[in-house]
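Topology and contacts: notes
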Amino acid sequence: VKLTMQSELVLKNTNNIIEKLLSQITSSNSCGVHIRRSDYLIKPFSDIYYVCSEQYYRNAFEIINNRFKDTIYFFFTDDIIWAKKKFGNLKNSIFIKNYELSDYEEFFLLSKCKNHIISNSTFSLIAAWLNSDNNLVIEPRNWFKNKESGNKIVKDWIQLD
């Protein structure tokens, strides 16, 4: 199933921006960082889902930086203002929202990153899973507030609080 999905995940139409970003992602020690916040901050979602903290991401960056040299962080987020405020000074960071791509174009690019720091979102979970054969994936330990949660798909991913 995974191989089929990997082979089927192609963009029918690309442009210079997508090609440039894809080249940067595939030719570098790329790490896709997914930050989901906006809908999780309002009811009813705020009663259901945790929001990954700034500290969660900083701890994940530390793990990535200890394992890999010259990582380029590609940020995929629905809250670009918060992400830039908290991580805009991070060395080697690219904020994908700056390029005004569609959700499916962002998903495609996120799935091509070599390593991942995901949020508690199926968007980033599936993107990381599609490219998780030989890479490092860091995920939040808890996804839901009122029940046991976390990723039950891939056991060797690193879970952080």
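Turning our eyes to something else, we now look at helix H6 (residues 103–112). Within H6, seven of the ten residues are buried, leaving the element largely enclosed by the surrounding structure. Here H6 has its buried residues at Glu 105, Glu 106, Phe 107, Phe 108, Leu 109, Leu 110 and Ser 111. The secondary structure elements touched by the buried residues of H6 are helix H2 (16–27), strand E1 (29–35), strand E2 (71–77), strand E4 (115–117) and helix H7 (122–130).

Moving on: the nonpolar core. Formed by 26 residues in total, the largest nonpolar core has its most connected members in Phe 74, Phe 76, Ile 96, Leu 109, Ile 118 and Trp 157. Only H2, E2, H6 and H7 provide two or more residues apiece to this core. When residues of this core are assigned to their parent elements, the largest contribution, five residues, is made by H7. With sequence-adjacent residues up to four places away left out, Phe 74 is seen in contact with Gln 24, Ile 25, Ser 28, Ser 30, Cys 31, Gly 32, Val 33, Ile 94, Ile 96 and Cys 113.

Direction vectors running N to C along helix H4 (residues 54–67) and helix H5 (residues 80–87) enclose 55°, while the axes themselves pass 11 Å from each other. In terms of their interaxial angle, H4 and H5 are classed as oblique. Crossing handedness for the pair H4 and H5: right-handed. Residues Glu 54, Tyr 57, Arg 58 and Phe 61 of H4 touch H5, and the partners they reach there are Trp 82, Lys 86 and Phe 87. Considering only residue class, the contact of H4 with H5 consists of four nonpolar, no polar and three charged.

Moving on, we come to the pattern of salt bridges. Tallying each qualifying case throughout the model produces seven salt bridges. The closest approach of N and O atoms between Arg 37 and Asp 79, which form a salt bridge, is 2.9 Å. Note that Arg 37 is positioned in the loop between E1 and helix H3 (45–48) and Asp 79 in the loop between E2 and H5, a separation of 42 residues in sequence. Here Arg 37 and Asp 79 have matching classes, each one buried. Close ionic contact of Arg 58 with Glu 54 constitutes a salt bridge, the shortest N to O distance being 3.0 Å. Taken together, the residues Arg 58 and Glu 54, both in helix H4 and four residues apart, mark about one turn of the helix. A single salt-bridge network, built from bridges that share partners, covers Glu 54, Arg 58 and Lys 86.

This brings us to H4. The α-helix advances 3.6 residues per turn, and as a result positions three or four apart in sequence lie on the same side. For H4, with 14 residues, the first-to-last C-alpha span of 20 Å sits near the 20 Å given by 1.5 Å per residue. For H4, the full list of buried residues reads Tyr 56, Tyr 57, Ala 60, Phe 61 and Ile 64. What you see down the axis of H4 is that its buried residues fit within an arc of 135°, all on one side. Exposed and facing more than 90 degrees away from the buried side of H4 are Glu 62 and Asn 66.

Rules and cut-offs
Residues numbered from 1 in each chain as written. Predicted model: local features only at pLDDT ≥ 70, side-chain atom pairs only at ≥ 80, totals over all residues. Heavy atoms only, no water. Buried < 20%, exposed > 50% of the residue type's maximum accessible area, 1.4 Å probe, protein only. Helix = DSSP H or I, 4+ residues; strand = E, 2+ residues; numbered from the N terminus. Contact = heavy atoms within 4.5 Å. Core = buried A, V, L, I, M, F, W, Y, C linked by side-chain atoms within 4.5 Å. Axes fitted to C-alpha atoms, helices over the stretch in contact; angles between N-to-C directions. Parallel < 35°, antiparallel > 145°, perpendicular 65-115°, else oblique. Left-handed = near helix turned anticlockwise from the far one by under 90°. Nonpolar A, V, L, I, M, F, W, Y, C, P; charged D, E, K, R; others polar. Salt bridge = Lys/Arg side-chain N within 4 Å of Asp/Glu carboxyl O. Expected span 1.5 Å × (residues − 1). Arc of directions from axis to C-beta.

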